[in-house]
Every structure is written in C-alpha cells, then in structure tokens.
Amino acid sequence: MKKLKYLFLIAQAIFAGTVSAQLYKPSPGIETKVNALLAKMTLDEKIGQLTLYTTDWGSTGPTIREGYKNDIRSGACGNLFNSHTVGFVRDLQKVAVEETRLKIPLLFGYDVIHGYKTIFPIPLGEAASWDLEAIELSARVAALEASAAGLNWTFAPMVDIGRDPRWGRVMEGAGEDTWLGCRIAEARVRGIQGKKIGSTDAMLACVKHYAAYGAATAGRDYNTVDMSERFFREYYLPPYKAAIEAGAATVMTSFNDYDGVPVSGNKYLLTNILRNEWGFKGFVVTDYTTINEMVLHGVVANEKEAGELALNAGVDMDMQGAVFQRFTKQSVKEGKVMRQQIDEAVRRILRLKFELGLFDDPYKFCDENREKATLLSPANRQAAREVSRKSIVLLKNDKNVLPLQRNQRIALIGPLVDNQSELIGNWNGAGNANDCVSLAAGLKGLNIIQAKGCEFEGSDKSGFEAAIAAARSADVVVVAVGEKAMMSGEAASRTDITLPGVQEELILELCKTGKPVVVVLMNGRPLAIPNIAANATAILETWWLGTEAGNAIADVLLGDYNPAGKLPMTFPRSVGQVPIYYNEKSTGRPFDPNSKWTSKYIDEANAPLYPFGFGLSYTTFSYGTPVAKPSYLPGDEKSGTLANPKYPVKVSVDVTNTGKVAGEEVVQLYVRDLVGSVTRPVKELKGFQKVMLQPGETKNLTFTLNEEAFRFYRRNMTFGTEPGEYDIMIGGNSQDVKTVRVRLEK
Ligand code: GLC
C-alpha cells in the first residue's frame, strides 16, 4: 500500500509538472472583486494589507498572544508568518474574518524549505540528485503537508546561485550552475503551487532572495554584492526569471545591495526588470526588516524615507519591519508616496487572496482530519527515502569496499552516528528530530560496534582510543562526520571549510589501522577535505537528508540502492581557491604547468578536489564519441537569427554500462563558444539526461540544442547568438568529457 501511495505521489507530481507552468496571470473576474473591495478600504486598512508580522511559538507550541489578535482586529496586519497547524491558523483567521470591518482573510506564510513535517534532503542535497521529478515530488509533498497544516504561502524556492562555500546559505539553493538552477527552480515552483493556485493541497511559492544574494562579497552573509550587469544577467538573474516564468506568485527581496542600491529600494530590479521586462503580476515581499535596514545601508536617513524608497521602488509587503505601518500614512499626506502606488500594491496582494479562494472559504486550509492523515504519512516517508537516496553522491570507492556485505563486522564511529537533530538540517520547518532515522538506526540488526570518537567541535581526543580499538576489531569502519546544522544556513558563513573540531584527525587515525574506512559526510556546504580524500577508502556525500536519512544511507551502504548523485557545486581543495566553479573563463594566460607566467597559485593546485557534476557509481560507464547533426546550422536570413529553431543541433552519444551491476548515469552536455564578442566560459551546462543502464547495456542518447542553447549577452548587451565554432562536450562530470565541434553560420 505504501508503495502504491508513493507511486501516486510520483504520478501526481509528474502530472503537476506536465501542466504547462506559466507566468502567473490573474484569473478572469478577480479584478472586479479586487477593485470592489479596494473601493471600500480606508488608507489604514490598505496599509494593513501591506504588512506582514511573525507570530512566535512558545516552548510547547503556538502562543496566541493578544498582540497578534489586536493587530489583526485593528486591521494593522493583514498577513502572518510562522503561524501554522490548523488549530493556530483557524483561531487567527477567525479574528480576521469575524472581528474586522471588511473581513479580509489572512495569508499564512512559513519557511517550508525542504519539507514541513516529513523533512527531505536540504535543497543543495536534492540538487545533487539531478532528478527533476524527485525534486518536484519533494516540493509537492512539502506543499501537501504544509497546506494540510493551515499554510497557504511558503518562502521557497530559494534560487540564489551559490559559488562560494563560505556562504552558509548554499545549503538552501541548487548550487553553482545557472542552467541547472533554472530547471530546479521550475521544478520546485511546480511542486509548491501544484496544478493551480487555489488548490487546497498547494501554496503560493515565493522565489527568493531576489537578487544575487549568493554573491555576497567574501561569502560573508548580508555583505555587498557588486558585479557587472553582464555577469548579473548571465549567471545570477536567470533562476529568478525561470521561477517566475514557471508561475511563482510572489518574490522576496534580498538583504544585499546591488549596484549600490539595497534591493528593497532598487527600482531597476523591482520595477524595470521584474515588472516591465518580465511582466511579473504577483507581489513582492521584503525579507525580514530589509526596509528598516536601508538606514544602516546608508541610503536613507530614517525609516520613513526607507518606506518611501521601498514603495516607490516596487515593494508591496513589509516583512516584520512595521515601517509602512508607522510612516506610510504620513508619507501619503506629504505626497512622498502616491495613493495609486499603495492601491496597486494592495491589488497585487488581494488578487492572490482571491486566487487562493480565501474569501469564499477562509478556513479551506483548516481541516484537522486532513492534517492528521497527511503529516508524516508512510507514503510521505517513503517519498523522502527515495529522494534522499537519489541525493547521495559517491565521491570515492577504492577497492570497491562499497557496498558493504551484511555479514561484515562494522565499526560505526563519529559524532553523527546516533544523531537525529542535525540530520534534519537547517530550515527544518515543523520537523521533529525524534522522527528522524539516525544512521545507527538505519543499520540496526547488522554486526555493529559503535564508538563516538569525538564531538563535532573542540580539541578533545579522549575518545580516539576506543574508536581505534573498535576499528581494529571490525572488518570495515564507517565514520559519520560533518557539520552541525547551524554551521550552515543563514548568518552562518565560515572562513574555514574543513571538518570542524578534530574529526579529520580522527579519520586519519582510523585510516592508520589499515582497515577500510568509509567516510559518511553530513554537511550543508562543499568541504575542503583533501587529506580525507587521499586516505579514506570510500567517501559518501550525504548532506543532511532529513527524516529518512539513516534508511537512505543504509540503502546505499548495503547496495540496496546504487548511488547516482552528482555534485551541484564544486568541492575546493582549500578555501584559498574560492570562488571556484567549473564554468570559469579561459583568461589570456590559462594554466600551463610548464610555464610560470600563467594563471595559477604557487601553493595550491588550480583544480578542485571534486568538480561540478562529479559522482561515482557501483558500476562504471563509458562514452562513445558524440556525433552532431547537422554540424552546420543553416542560418535564417529573414529573422537574422543564426540558428532557426527548425534546424536544432542534434547531438548523439553512446553510453555503456561497463560494470557488473545496473546503475544510473547523469549524462551531462556542455557547450563552449570558442570565439565570442566577449570572453566566454570554457564550458556551460546546457542539458543532461539521467539514464538507467543494465550491466553491458549501451544506450544511444540524443540531445536537441535549439538556438537558445547558444545565446549570451553579446558585446552590445543584446541577448542572442553569434556565428562561429562551438564545442559540444558530453560526459559524466564537467571535466571528463568528449567533444564534437559544430559551426553556427550567419
Ligand atoms: C529570513 C530569511 C528568509 C526567510 C525569512 C522569513 O531572514 O532570510 O529566507 O524566508 O527571514 O523567515
């Protein structure tokens, strides 16, 4: 039954995905209702709709402080976040729709980032699955559970491109690549919003953090972001657009400034690009108190001016800052903010409240029976286990030490062997650690000897001796190490991206026993682990996998699942290489080991420890030479474009499973523009296919590249293609590729 329910979820997710996701456009008839309501509203009531406050939870659950109720009752607050469970939502919604003058229902938002009650892998981990259906399924299950708990809005997906592992929030995103980031953003929006906004099993998505928040200088959270418009539009902007074109109904502004202007006051971003270029019709909410923070950014003298700058730039809703609440009425009186601006912001919010169906039934998300039946259901746990297994990346497997044999004596060592709270990761929603399957629990029933060895942090090595003794008594060592969940995520940047404490020393001591050592990493960012890579026998990157972590890792360790994950972010050899990413530029002096005068370090290699797209399997794969048809693209003189979509480039390649077990391979396709009007990356991901191959089986895969695969921001900043030669590279990671050359003709 469990399997059937899980398959139903998959089918539902796929169906949702096949529903052509498109830019959110208000449904017919909504505008009339919005305008009729707007006409009745006082300025105070309008400003209340532009206000979002958090509730807070007491130690034993929601505390419904009179404060919230008075804010709602007075119309000062039209939206809440951090308030969920049917009981809590119903109580607060009741105040809004029974005790206010116009009975406008509340939005209930929450950070459902990788699961609500059933926690899935952190988003960076899911990205490692390169499985868009699995990623969509994860978002779908999260929306099923969260909407069953009264929520109608989630602050997800986070789509910020992350090229700097010092930045703790890389854990929330999809890694370093723009093209993969766009596909994953689309999948997450489809999963969250389901078939249609207003379904009781779906929520409003909120694409964040617009924009380029992941490019914080030095990887230090909230720090300045400064880059050329070309770099911005080429690498950092596309995932937000992809999410919006997939239908995301809301956008959240980021803390950083862009081109010297804090995003919450940046009209170029919030109006010129978002509204005028992209046609976004939803609403913009700020991140937490970002309007107030524009005073500290130093672009306004006080919060009143900050509110005026934000509203005139295109912000619609103030998260927790109470700036609109305190100053906007005066700003309107002074003519600093036009009433039309206020009205348009209110319209955008009311439209989505109507779309959600909250005026017809404010309690439509408040069904206790559904809540009870949906949260942490066996089918949801099964889905989490499947997605978790797919997220695991096999980085090393010398002597084929993995998969383990069930009759082996296993020394299970490390601070994470029994841990549950770290495994549900950061931003773990309403997840309970005690629902999480630890690694030890996942391996129960096997011949295990356990020893902690050391803590996460600190220099205490007193546990080493017992751990080494356990290792000596076993056939194989499995050591579970990593970061604490709060060492990643928001306000958790690190200058040292090695394993904290003495964990690395413990591993090296265990390696000295001569026993095979399998390292299981549990972390929220790429780690610099060259010594472990050199000495361990095998390494599994498992991120924080959530509620089913222990079962998923056990499935891989014991060979019940053949890992197929690929890194969505480069693993550096050292933090000194950062930022390091695969799609770098050639430079005029590309690295040449035989020449001093080339782009390199004198104390570190240029190459990463593990490249973007890297991941091993329990089997092996070989690639034929790619073949491109046509190798020349007839131009289309009429449209002036280079490659008429009628003439896509079809690139085919044979992939063979050369090993002894079935396995999935993520076949990646990269493109290089050999000569452009501006410098171009040495390669860029433009496609992938995940394929299952039986031992000895060969499949011929074909990729279709239309004109957009070759577009970029040319010298004059127009987005298009240029004639010339392009290398098409195909392989199982971004380094080991085979190439075929094609020419785009005028
Ligand atoms: C936080 C985060 C943002 C989150 C918001 C609400 O500061 O930056 O990602 O959605 O506040 O919790």
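Calculation notes
Residues numbered from 1 in each chain as written. Predicted model: local features only at pLDDT ≥ 70, side-chain atom pairs only at ≥ 80, totals over all residues. Heavy atoms only, no water. Near = heavy atom within 4 Å. Polar contact = N/O pair within 3.5 Å; in protein donor to acceptor, adjacent residues only side chain to side chain. Areas by Shrake-Rupley, 256 points an atom, 1.4 Å probe, with all protein chains shown as cover. Nonpolar A, V, L, I, M, F, W, Y, C, P; charged D, E, K, R; others polar. Domains from an automatic or database assignment. Contact = heavy atoms within 4.5 Å. Buried area = accessible area lost by both parts, 1.4 Å probe. Salt bridge = Lys/Arg side-chain N within 4 Å of Asp/Glu carboxyl O. Helix = DSSP H or I, 4+ residues; strand = E, 2+ residues; numbered from the N terminus. Pairing = 2+ DSSP bridges. Axes fitted to C-alpha atoms, helices over the stretch in contact; angles between N-to-C directions. Left-handed = near helix turned anticlockwise from the far one by under 90°. Parallel < 35°, antiparallel > 145°, perpendicular 65-115°, else oblique. Phe/Tyr/Trp six-rings, centres within 6.5 Å; stacked < 30°, edge-to-face > 60°. Buried < 20%, exposed > 50% of the residue type's maximum accessible area, 1.4 Å probe, protein only. pLDDT = per-residue confidence, 0-100. Core = buried A, V, L, I, M, F, W, Y, C linked by side-chain atoms within 4.5 Å. Disulfide = S-S within 2.5 Å. Expected span 1.5 Å × (residues − 1).

**With respect to the site of the ligand**
Consideration 1: The environment of the ligand is made up of 13 residues, and the closest members are D111, R169, K208, H209 and D287.
Consideration 2: H209 places a polar side-chain atom, nitrogen or oxygen, 2.6 Å from an oxygen atom of the ligand.
Consideration 3: In the model, an oxygen atom of the ligand is placed 2.6 Å from a nitrogen or oxygen of the D287 side chain.
Consideration 4: Protein chains shield 93% of the accessible area of the ligand, which is 310 Å² for the free molecule.
Consideration 5: The class makeup of the residues in the shell around the ligand is seven nonpolar, one polar and five charged.

**Things to note about the domain arrangement of the protein chain**
Consideration 1: According to the domain assignment, the protein chain contains domain 1 (2-370), domain 2 (387-577) and domain 3 (621-744).
Consideration 2: Of the residues lining the interface, twelve residues belong to domain 1; the matching set on domain 3 comes to 19 residues.
Consideration 3: Taking both sides of the interface into account, the surface hidden between domain 1 and domain 3 amounts to around 1300 Å²; carbon and sulfur atoms contribute 62%.
Consideration 4: Considering only the surface of domain 1 that becomes buried against domain 3, W130, W179 and R230 emerge as the three largest contributors, covering 55% of it.
Consideration 5: Summed over the shared surface of domain 1 and domain 3, the result is one salt bridge.
Consideration 6: Counting across the interface, domain 1 meets domain 3 through five residue pairs in polar contact (both at pLDDT 80 or more).
Consideration 7: For the side of domain 1 that touches domain 3, the secondary-structure elements that each account for two or more residues are α8 (178-193) and α9 (229-236).

**Here we look at the pairing of strand β29 (residues 737-744)**
Consideration 1: In this sheet, β29 lies alongside strand β28 (residues 724-731) in antiparallel orientation, the contact comprising eight bridges. Bridge pairing links G731 to V737 in β29.

**Section: the packing of helix α4 (residues 66-73) against helix α5 (residues 86-98)**
Consideration 1: It is at 8 Å that the axes of α4 and α5 come closest, and there the two elements cross at 35°. Crossing of α4 over α5 shows right-handed handedness. Counting all contacts with α4, which are made through Y68, K69, I72 and R73, the residues of α5 involved are F88, L92, V95 and A96.

**Quick notes on the packing of α8 against helix α10 (residues 238-245)**
Consideration 1: Where α8 contacts α10, the two axes come as close as 8 Å, and the packing angle between them is 30°. Taken together, the axis directions place α8 and α10 in an arrangement best described as roughly parallel. You can see that α8 and α10 cross each other, and the crossing is right-handed. Judged by residue contacts, T178, G181, C182, A185, E186 and V189 of α8 engage P238, P239, A242 and A243 from α10.
Consideration 2: For the contact of α8 with α10, a count of residues per class yields seven nonpolar, two polar and one charged.

**A closer look at the packing of aromatic side chains**
Consideration 1: In total, this model carries 24 aromatic pairs according to the counting rule given.
Consideration 2: The interplanar angle of 70° and the centroid separation of 5.3 Å between the aromatic rings of W153 and F283 together place this pair among those described as edge-to-face. Taken together, the positions of W153 in strand β6 (residues 153-154) and F283 in strand β11 (residues 283-285) put the pair 130 residues apart, joining distant regions of the chain. In terms of burial, W153 and F283 fall into one category: buried.

**Some points on the confidence of the model for the protein chain**
Low pLDDT means the predicted atomic positions in that stretch should not be read closely.
Consideration 1: Looking at the protein chain, the pLDDT average stands at 94 and 94% of residues meet or exceed 70.
Consideration 2: The secondary-structure element of the protein chain with the lowest mean pLDDT is helix α1 (residues 2-18), recorded at 52, while strand β13 (residues 393-397) shows the highest, at 99.
Consideration 3: Under a pLDDT of 50 for its full length, residues 13-19 has, in the predicted model, twelve contacts with residues more than four places off or in other chains.

**What to know about the nonpolar core**
Taken as a class, soluble globular proteins show a tendency for nonpolar side chains to be buried jointly.
Consideration 1: By size, the foremost hydrophobic cluster in this structure holds 110 residues, and its most contacted members are Y116, W153, Y210, F232, L274 and V285.
Consideration 2: At seven residues, the largest contribution of residues to this core is made by helix α15 (residues 339-355).
Consideration 3: Counting residues in hydrophobic clusters, the runner-up holds 83 residues, among them L412, A451, C454 and V520.

**Notes on α10**
Consideration 1: Burial in α10 covers these residues: P239, Y240, A242, A243 and I244.
Consideration 2: Phi turns positive, to about 110°, at G247, one or two residues after α10.

**Topic: unusual backbone geometry**
Consideration 1: Between A156 and the following residue, P157, the backbone shows a cis peptide bond with an omega angle of 10°.
Consideration 2: Within the secondary structure layout, P157 lies in the loop between β6 and α8.
Consideration 3: The residue after V578, namely P579, is reached through a cis peptide bond having omega 5°.
Consideration 4: Within the fold, P579 resides in the loop between α22 (549-557) and β19 (621-623).
Consideration 5: Phi at A322 is positive, roughly 55°, even though this residue is not glycine.
Consideration 6: One can find A322 in the loop between β12 (318-319) and α14 (323-333).
Consideration 7: Here the phi dihedral of A491 falls at roughly 55°; this positive angle occurs in a residue that is not glycine.
Consideration 8: By relative accessible area, A491 is classed as exposed at 55%.

**Let's talk about the state of the cysteines**
Consideration 1: As enumerated under the stated definition, the model contains zero disulfides in all.
Consideration 2: Lacking any disulfide linkage, C182 is separated from the closest cysteine sulfur, that of C206, by 17 Å.
Consideration 3: Unpaired in terms of disulfides, C436 finds its nearest cysteine sulfur in C454, a separation of 19 Å.
Consideration 4: Judged by relative accessible area, C436 falls into the buried class, the value being 4%.

**Here we look at the environment of V737**
Consideration 1: With respect to the element layout, V737 can be found in strand β29.
Consideration 2: Sequence spacing of V737 and Y623 is 114 residues, and the spatial spacing of their C-alpha atoms is 8.6 Å.
Consideration 3: Once residues within four sequence positions are removed from consideration, V737 is found in contact with Y670, M729, I730 and G731.

**Notes on α15**
Consideration 1: Taking 1.5 Å as the rise per residue, α15 with 17 residues should run 24 Å; its terminal C-alpha atoms sit 24 Å apart, in good agreement.
Consideration 2: After α15 finishes, the residue G357 shows a positive phi value of roughly 85°.

**Considerations on the pattern of salt bridges**
Consideration 1: Following the criterion strictly, the structure yields 49 salt bridges and no others.
Consideration 2: Between K566 and E665 there is a salt bridge, with its nearest N and O atoms 3.0 Å apart. Placement of the pair is K566 in the loop between α22 and β19 and E665 in strand β23 (residues 663-673), with a sequence separation of 99 residues.
Consideration 3: Through salt bridges that share partners, E31, R275, D316, E344, R347, R348 and R351 make up one connected network.

**A word on the pairing of strand β1 (residues 51-54)**
Consideration 1: Judged by which residues are buried, β1 turns out to be covered on both faces: T51 and Y53 on one side and L52 and T54 on the other are all buried.
Consideration 2: Summarising the sheet, β1 and β12 pair through two bridges and their orientation is parallel. Looking at β12, one finds that L52 is bridged to M319.
Consideration 3: Bridging between β1 and strand β4 (residues 79-81) involves three bridges; their strand directions are parallel. Bridged to Y53 within β4 is L80.

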